[in-house]
Amino acid sequence: MTRTEKLLAELIALPSVNPAFLPPRHPHAGEQRVADFLAATAAQAGLEVDFQRVLPGRSNVIARLRPENEIKRTILLAPHLDTVGAEDSQFVPQRKNGRLHGRGACDTKGSVAAMLTALCELAESKSRPQETEIIFAGLIDEEHAQAGSRAFVGQASRVSPIFQKARDRRDACPAVLAIVGEPTKLQVVTAHKGSLWLQLETRGQAAHGATPHLGKNAVHEMARVVELLETDYAAQLRRRKHKLLGTATVNVGTISGGSQPNIVPDRCTISIDRRTLPGETEAEVRHEITALLQAKKLTAKIFNAKLAPALALETDPKLPLVRQFFRSAGQSRPAGVDYFCDATVLAGGGIPSVVFGPGDIAQAHTADEWISLASLERGKNLLLRFLNSLS
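Residues numbered from 1 in each chain as written. Predicted model: local features only at pLDDT ≥ 70, side-chain atom pairs only at ≥ 80, totals over all residues. Heavy atoms only, no water.

> Could you clarify how one ought to interpret the nonpolar core in this entry?
Nonpolar side chains tend toward joint burial in soluble globular proteins. In this structure, L38, L47, I75, L77, F136, I179 and L383 are the most contacted members of the largest nonpolar core, which totals 55 residues. It is helix α3 (residues 109-124) that contributes the most residues to this core, 10 residues altogether. Counting residues in each nonpolar core, the second largest holds 29 residues, with V180, V189, L313 and L346 among its members. (Core = buried A, V, L, I, M, F, W, Y, C linked by side-chain atoms within 4.5 Å. Buried < 20%, exposed > 50% of the residue type's maximum accessible area, 1.4 Å probe, protein only. Helix = DSSP H or I, 4+ residues; strand = E, 2+ residues; numbered from the N terminus.)

What follows is the structure in structure tokens.
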């Protein structure tokens, strides 16, 4: 068993389900037990360790390797520590046919294990970088509201002065790069879609089910709205393309209306998932949906259903540190993914960010989540190669 596999198995066995998905005080809730374990592991390897309090009982864990000379560059390794919910059996790591099974194996404790192991091996070697600071930040709450990455950005200048320079845009090519851990099949990803959740509400007038002509059916009105979104609006979005991400999309995910069959419903709501492309804003999306409804003489109120903005990511692949990572990973062109992650939060705080990690997003959140052990070890080795190239 490799050091990376051993660490991943230990992490799977420590539940860190996002509290948003569990009842209060559930024993599997929260990332702190994982953060504490990682802090002890990092300290054992000689790394400087600190915690960044974010929410009650929930902290980001920071592990730092300082260079021998003055800091001129900073690399941030930033996987998240939380997972979605799971049955008890999924917290027992199982090794089968070259795979490690268990909750978080690929999303994203595999990246945690690969990144921290690479940093620990570098710290224990004789080839410590001369002018590059390397920071591991295990972030909380990515699966819900990204409180960990948002708090990190808010306190980044306290973590490293290089982050403040990047945020102030003092350098044309910032001497900083964040590598955000997600299962990308070891592709260096420079762009991902944003995720905008909206709730739409139609109002009608209640009446007895025997005399529906005396009321106004809010469900019927919403049915027309849904049809419009899933046909005309979806077709409009398909004409909007990005070279790495394809098209923007819309999905009507839930609908709720009425109280019982013999009452004309006076209210109906739907929730929609609108995947955005770089450059699209929430205000623009709301405006275009409102305009489309008005053109069809439909009326619906629109509300934001997310706790915080979740915009798309687009990082310049020609930035020097990004190009250097491409070379270390043996990659000639940038890649994009459909899902949203912490990378855009860090990028919004002035830290150029890419996404990278072992595993495949197709296995994330499944009842039988797993990661290829070959991918896990190769991911650690590619990260170590890149970090060594900075010496």
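> Before we go on, may I ask you to explain the pairing of strand β3 (residues 73-79) in this structure?
Two faces, one strand: in a regular strand the side chains alternate between the faces of the sheet. By the criterion of burial, β3 is predominantly enclosed, with 6 of the 7 residues buried. The pairing of β3 with strand β6 (residues 132-138) spans 5 bridges and is classified as parallel. Residue R73 lies in a different strand from β6, and its bridge partner there is T132. Relative to strand β7 (residues 176-181), β3 runs parallel, the two being bridged by 6 bridges. Following the sheet pairing, L77 is matched in β7 by I179. (Pairing = 2+ DSSP bridges.)

> Before we go on, may I ask you to explain helix α1 (residues 3-12) in this structure?
Given 3.6 residues per turn, any residue in an α-helix points the same way as the ones three and four places further on. Judged by how many residues are buried, α1 sits mostly within the fold: 7 of 10 residues are covered. Every buried residue of α1 is accounted for by T4, E5, L7, L8, A9, L11 and I12. Packing partners of the buried residues in α1 comprise α2 (32-44), β4 (94-96), β5 (99-101), α3, β18 (370-372) and α11 (373-389). (Contact = heavy atoms within 4.5 Å.)

> Is there a simple way to explain the sheet that holds strand β13 (residues 267-276) in this structure?
The pairing of strands in a sheet comes from backbone hydrogen bonds and takes either a parallel or an antiparallel form. Overall, antiparallel pairing links the 4 strands, which are arranged β12-β13-β9-β14 in an open sheet. Looking at strand neighbours, the two that pair on one side only are β12 (249-257) and β14 (301-304), the edges of this open sheet. Across this sheet, the average inter-strand angle for adjacent strands is 25°, counted without regard to direction. Here 8 bridges tie β12 to β13, and the two strands are oriented antiparallel to one another. Opposite G257, over in β13, you have C268 as the bridge partner. The sheet strands contacting helix α8 (residues 282-295) are β9 (194-203), β13 and β14, and the helix crosses β9 at an angle near 35°. (Axes fitted to C-alpha atoms, helices over the stretch in contact; angles between N-to-C directions.)

> Sorry if this is basic, but what is going on with the packing of aromatic side chains here?
Two measures describe an aromatic ring pair: the distance that separates the ring centres and the angle between the ring planes. This model, assessed by the stated rule, comprises 3 aromatic pairs. Between the aromatic rings of F152 and F163, the centroid separation amounts to 5.7 Å while the plane-to-plane angle is 70°, which identifies the pairing as edge-to-face. Of this pair, F152 sits in helix α4 (residues 147-154) while F163 sits in helix α6 (residues 161-167); the two residues are 11 residues apart in sequence, bridging distant segments of the chain. Relative accessible area serves as the criterion here: at 1%, F152 is assigned to the buried category. Taking relative accessible area as the criterion, F163 reaches 1% and is therefore assigned buried. Relative to F356, the ring of F325 lies with its centre 5.1 Å away and its plane at 65°, an arrangement referred to as edge-to-face. Taken together, the positions of F325 in helix α9 (residues 320-329) and F356 in strand β17 (residues 353-356) put the pair 31 residues apart, joining distant regions of the chain. Of the residues examined, F325 reaches a relative accessible area of 0% and is grouped as buried. Among the residues examined, F356 registers a relative accessible area of 0% and is labelled buried. Linked through ring pairs, F325, F356 and F386 together constitute an aromatic cluster. One cation-aromatic arrangement involves R99 over W370; the distance from NZ or CZ to the ring centre is 3.6 Å. (Phe/Tyr/Trp six-rings, centres within 6.5 Å; stacked < 30°, edge-to-face > 60°. Lys NZ or Arg CZ within 6 Å of the ring centre and 35° of its normal.)

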